[in-house]
Structure formats: structure tokens, C-alpha cells
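# Structural characterization, general
Given next are the chains, with one letter for each unit.
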Amino acid sequence: MAMNDSALNPEETARIRALLTAKPKTERMWPVLAAAFFAAFCALAFATAMILAPPVVTTHVVRSAK
């Protein structure tokens, strides 16, 4: 039996293979932007807290070492 004597239609086989191939997934951008916004917001919040927080040590370290 020759290779061309197949019962399968080559055009239909190509169509089936094209339909069964997985489509490439596109990555969404909003989760990345939300994470970046959250990180920036937390950094600004912590920086503000560090600036506005009262100092823990009220005496100079150099005076207490003597």
C-alpha cells in the first residue's frame, strides 16, 4: 500500500490539527499594575510613619556612654 492511499483527507487532518493546537495565552497587565501600586503605597506609608513618628530615644547616645 502506497503512502498516498490513505483513508484520511490531508486537508481535513490539517484543519483538525489547527483546531486542536492550544492558543497562546496573553498575560494580563492589571495584576502587575495593582501589585506595583500596592508596593508603592506601602513604601510611602512606611516612609510617612518613619518621618512622623516621635523619636524612641530622647537622650543623646554619646551622653549616656560616658
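Sequence positions are assigned chain by chain, starting from 1 and proceeding in written order. Side-chain atom pairs in this predicted model are given and counted only at pLDDT of 80 or more, local residue features only at pLDDT of at least 70, and totals for whole chains, interfaces and linings cover all residues. Excluding hydrogens and water, the side-chain values take into account all heavy atoms of the structure.

## Side note on the overall build of the protein
- Tallying secondary structure elements over the protein gives three helices and zero strands in all.
- Only DSSP runs of H or I reaching four residues or more are called helices, and only runs of E reaching two or more are called strands; each is numbered from the N terminus. Start at the N end of the protein and walk to the C end: the helices and strands fall as α-α-α.
- Accessible surface, the protein as shown: approximately 7100 Å² in total, 69% of it carbon and sulfur. Computed with a 1.4 Å probe, the accessible areas rest on the Shrake-Rupley method; for each residue, only the protein chains presented here act as cover.

## Things to note about the packing of aromatic side chains
- Centres within 6.5 Å are what make two rings of Phe, Tyr or Trp a pair, Trp counting through its six-membered ring; a difference in plane orientation under 30 degrees is then read as stacked, over 60 as edge-to-face, and the rest as tilted. Taken as a whole, this structure holds one aromatic pair when the rule is applied.
- Both rings, one in Phe37 and one in Phe41, keep their centres 6.5 Å apart while their planes meet at 20 degrees; by these two values the pair is stacked. Placement of the pair is Phe37 and Phe41 together in helix α2 (residues 30-52), with a separation of four residues, close to one helical turn. Assigned by exposure class, Phe37 and Phe41 land together as exposed. With a 1.4 Å probe rolled over the protein chains alone, any residue whose accessible area is under 20% of its type maximum counts as buried; one over 50% counts as exposed, and the rest are partly exposed.

## Examining a nonpolar patch on the surface
- For patch detection, residues must exceed 30% relative accessible area and be free of salt bridges, and they are connected within 9 Å for like charges or within 5 Å for nonpolar side chains (Val, Leu, Ile, Met, Phe, Trp, Tyr). Should a side-chain nitrogen of Lys or Arg be within 4 Å of a carboxyl oxygen of Asp or Glu, the pair is scored as a salt bridge. Judged by side-chain polarity, Met29, Val32 and Leu33 come together as a nonpolar surface patch covering roughly 310 Å² of accessible area.
- Locating Met29 in the fold gives a position in the loop between α1 (10-20) and α2.

## Some points on the pattern of salt bridges
- Tallied over the full model, the rule gives one salt bridge.
- One salt bridge in this structure joins Arg15 and Glu12, with 3.9 Å as the shortest N-O distance. Here Arg15 pairs with Glu12, and both are found in helix α1, just three residues apart, close to one helical turn.
- On the basis of relative accessible area, Glu12 is assigned to the partly exposed category, the value being 40%.

## Describing the confidence of the model for the protein
- The predictor attaches a confidence to each residue, and that confidence, scored 0 to 100, is pLDDT. Across the protein, the average pLDDT comes to 84, with 79% of residues at or above 70.
- For the protein, the element scoring lowest by mean pLDDT is helix α3 (residues 61-65), at 62; α2 scores highest, at 96.

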